[in-house]
Amino acid sequence: MPAFESSAMGTSWFGGKRRSPLQTLYDLDQGPRSALAEVHRQRRELLRHACSRHTRRQHLLRPEDLQHVLVDDARGLLYCYVPKVACTNWKRVLLALSGRGPSDPRAIPAPEAHAPGLLPSLADFSPAEVNRRLRAYLAFLFVREPFERLASAYRNKLQRPWGAAFQRRFGTDIVRRLRPRPSPDALARGHDVRFAEFLAYLLDPRTRRDGPLNEHWERAHALCHPCRLRYDVVGKFETLAEDAAFVLGLAGAPGLRFPEPPPGARAAARDRAERLFRDISPFYQRRLFGLYKMDFLLFNYSVPSYLRLR
């Protein structure tokens, strides 16, 4: 099985023409830091300590562990995408940076941003090429409060009309498995899955036996393996604008504007998550927290105030 590695620093591969993002970050760490650079240094340290404290010995990375890590060779970037954490807009930005799309990321349609093959994955390369990029490129990911992300995935994929494909694939299975006396329409379409049914599906041992969770509700640490890959920047959905600008500055593209969510969208998503979880019993809240606990620990998220875990 191929062995992939990661190291704390690498050399620039730009032949002196342009400093790599990783070298730029290293320089920031050596001199007086801006407030934002200090925030990201602290996040790296918190992640490192959390990994040391909460993880046991783990297997070597396999190619399938690297599928979510997208590669920008021109800029020297590795981006691990986590669905429901602005990943569509980050894919748009990477396409714009690489010249594979319009220079304005907002002009790239969402289906095009997600089209297979447009952005290479780290899993596409040989072990030697993987290791070279892990040593030399700036690696970053963006995370989100786990339960808010889960509520967003439920709403987007199992409630909204454009989630019909997900509803047929997952909703029908949830209804068949967990709903007593489902209607023929619900069995055929899976369009009316209740939030409690969705959570019961996630906690059902049969779901895990069937394979990994779908990427939209899989844990961020299971997609990006932050205790086995070195991440130089841990961005957060809660500070998206500032963190995106920080990454783009390191990438030598400070003039590129990251697409902003509509005003009020962040507060609305938080309120929606609170309303959904309000009707979930403390017993199921505790079990669900157990499933997503590592994301809370590794990325330094507090337990939402609306949960009743005791």
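Values in this document were obtained by computation on a predicted structure and should not be read as measured data. (Residues numbered from 1 in each chain as written. Predicted model: local features only at pLDDT ≥ 70, side-chain atom pairs only at ≥ 80, totals over all residues. Heavy atoms only, no water.)

S.K.: I'm lost on the nonpolar core in this one. Help?
M.R.: Soluble, globular proteins show a tendency: their nonpolar side chains are buried together. In terms of nonpolar packing, the biggest core is built from 91 residues, with Trp-90, Phe-198, Leu-202, Trp-217, Phe-277, Leu-288 and Tyr-292 touching the most fellow members. Filtering out sequence-adjacent residues up to four positions away, Leu-288 remains in contact with Phe-147, Leu-150, Leu-199, Leu-202, Leu-203 and Phe-277. (Core = buried A, V, L, I, M, F, W, Y, C linked by side-chain atoms within 4.5 Å. Buried < 20%, exposed > 50% of the residue type's maximum accessible area, 1.4 Å probe, protein only. Contact = heavy atoms within 4.5 Å.)

S.K.: Just checking my understanding: could you explain unusual backbone geometry for this structure?
M.R.: Excluding glycine, residues mostly have negative phi values, and the peptide bonds linking residues are mostly trans. Non-glycine residue Ala-86 carries a positive phi angle of around 60°. Within the element layout of this structure, Ala-86 appears in the loop between strand E2 (77-80) and helix H3 (87-98). Even without glycine at this site, His-225 takes up a positive phi of about 50°. (Helix = DSSP H or I, 4+ residues; strand = E, 2+ residues; numbered from the N terminus.)

S.K.: What is the right way to read the pattern of salt bridges from this model?
M.R.: Oppositely charged side chains are able to pair whenever their charged atoms sit close together. Evaluation of the coordinates by the stated rule reveals 24 salt bridges. Residue Asp-65 pairs with Arg-228 through a salt bridge whose shortest N-O separation is 3.8 Å. You can see Asp-65 sitting in the loop between helix H2 (35-54) and strand E1 (69-72) and its partner Arg-228 sitting in the loop between helix H11 (220-224) and strand E4 (233-236), a full 163 residues away along the chain. Of the two residues, Asp-65 and Arg-228, neither departs from the other in class, the shared state being buried. For Asp-210, the salt bridge goes to Arg-177, with nearest N and O atoms at 3.3 Å. Highlighted residues: Asp-210 in the loop between helix H10 (205-209) and H11 and Arg-177 in helix H7 (residues 164-178), separated in sequence by 33 residues. Residue classification places Arg-177 among the buried residues on the basis of a relative accessible area of 18%. (Salt bridge = Lys/Arg side-chain N within 4 Å of Asp/Glu carboxyl O.)

S.K.: Looking at this model, I keep getting lost on the environment of Ala-220. Mind explaining?
M.R.: Note that Ala-220 resides in helix H11. As a C-alpha pair, Ala-220 and Pro-146 span 74 residues in sequence and 8.3 Å in three-dimensional space. Filtering out sequence-adjacent residues up to four positions away, Ala-220 remains in contact with Val-82, Val-143, Arg-149, His-225, Asp-295 and Phe-299.

S.K.: Is there a simple way to think about the packing of H2 against helix H14 (residues 282-298) in this case?
M.R.: When two helices pack together, you describe them by how their axes are tilted relative to each other and by the distance separating the axes. In the contact formed by H2 and H14, the axes pass within 9 Å of each other and the chain directions differ by 140°. The orientation of H2 with respect to H14, classified from their angle, is oblique. Residues Leu-47, Ala-50, Cys-51 and His-54 of H2 touch H14, and the partners they reach there are Met-294, Leu-297 and Leu-298. (Axes fitted to C-alpha atoms, helices over the stretch in contact; angles between N-to-C directions. Parallel < 35°, antiparallel > 145°, perpendicular 65-115°, else oblique.)

S.K.: Would you take a moment to explain the state of the cysteines for this structure?
M.R.: By definition, a disulfide links two cysteine residues through a covalent bond between their sulfur atoms. Counted under the stated rule, the structure contains 2 disulfides. Here Cys-51 is linked by a disulfide to Cys-227, with a sulfur-sulfur distance of 2.0 Å. The disulfide joining Cys-51 to Cys-227 has a torsion of about -85° about its S-S bond and is therefore left-handed. Taken together, the residues Cys-51 in helix H2 and Cys-227 in the loop between H11 and E4 connect sequence positions 176 residues apart. Owing to a relative accessible area of 9%, Cys-51 belongs among the buried residues under this scheme. The structure places no disulfide on Cys-87, whose sulfur is separated from the nearest cysteine sulfur, that of Cys-80, by 10 Å. Under the relative-accessibility criterion, Cys-87 is labelled buried at 7%. (Disulfide = S-S within 2.5 Å.)

S.K.: What exactly am I supposed to notice about the side chain of Asn-89 here?
M.R.: On the secondary structure map, Asn-89 appears in helix H3. Side-chain polar atoms of Asn-89 contact the side chain of Arg-92, separated by 2.7 Å. For Asn-89, the residues in contact, after removing those within four places along its chain, are Phe-258 and Pro-259. (Polar contact = N/O pair within 3.5 Å; in protein donor to acceptor, adjacent residues only side chain to side chain.)

S.K.: Explain the confidence of the model for the protein chain to me, please; I cannot follow it from the model alone.
M.R.: Reading fine detail from the predicted coordinates is not recommended where pLDDT is low. Overall, the predicted model of the protein chain reaches an average pLDDT of 90, with 93% of residues at or above 70. Across residues 6-16, where pLDDT falls below 50, the model places 32 contacts with residues more than four positions away in sequence or in other chains. (pLDDT = per-residue confidence, 0-100.)

S.K.: Quick question: what am I supposed to make of the sheet that holds E1 here?
M.R.: The strands that make up a sheet pair up through hydrogen bonds in the backbone, lying either parallel or antiparallel. The sheet built from 4 strands is open, its strands ordered E1-E2-E3-E4 with mixed pairing. A strand with exactly one partner marks an edge of an open sheet, and here the two such strands are E1 and E4. On average, each strand axis in the sheet is inclined to that of its neighbour by 25°, with strand direction left out of account. Inspection of the sheet shows strand E3 (residues 138-143) paired to E4 by 4 bridges, in the parallel sense. Across the sheet, residue Phe-142 finds its bridge partner in E4, namely Gly-235. (Pairing = 2+ DSSP bridges.)

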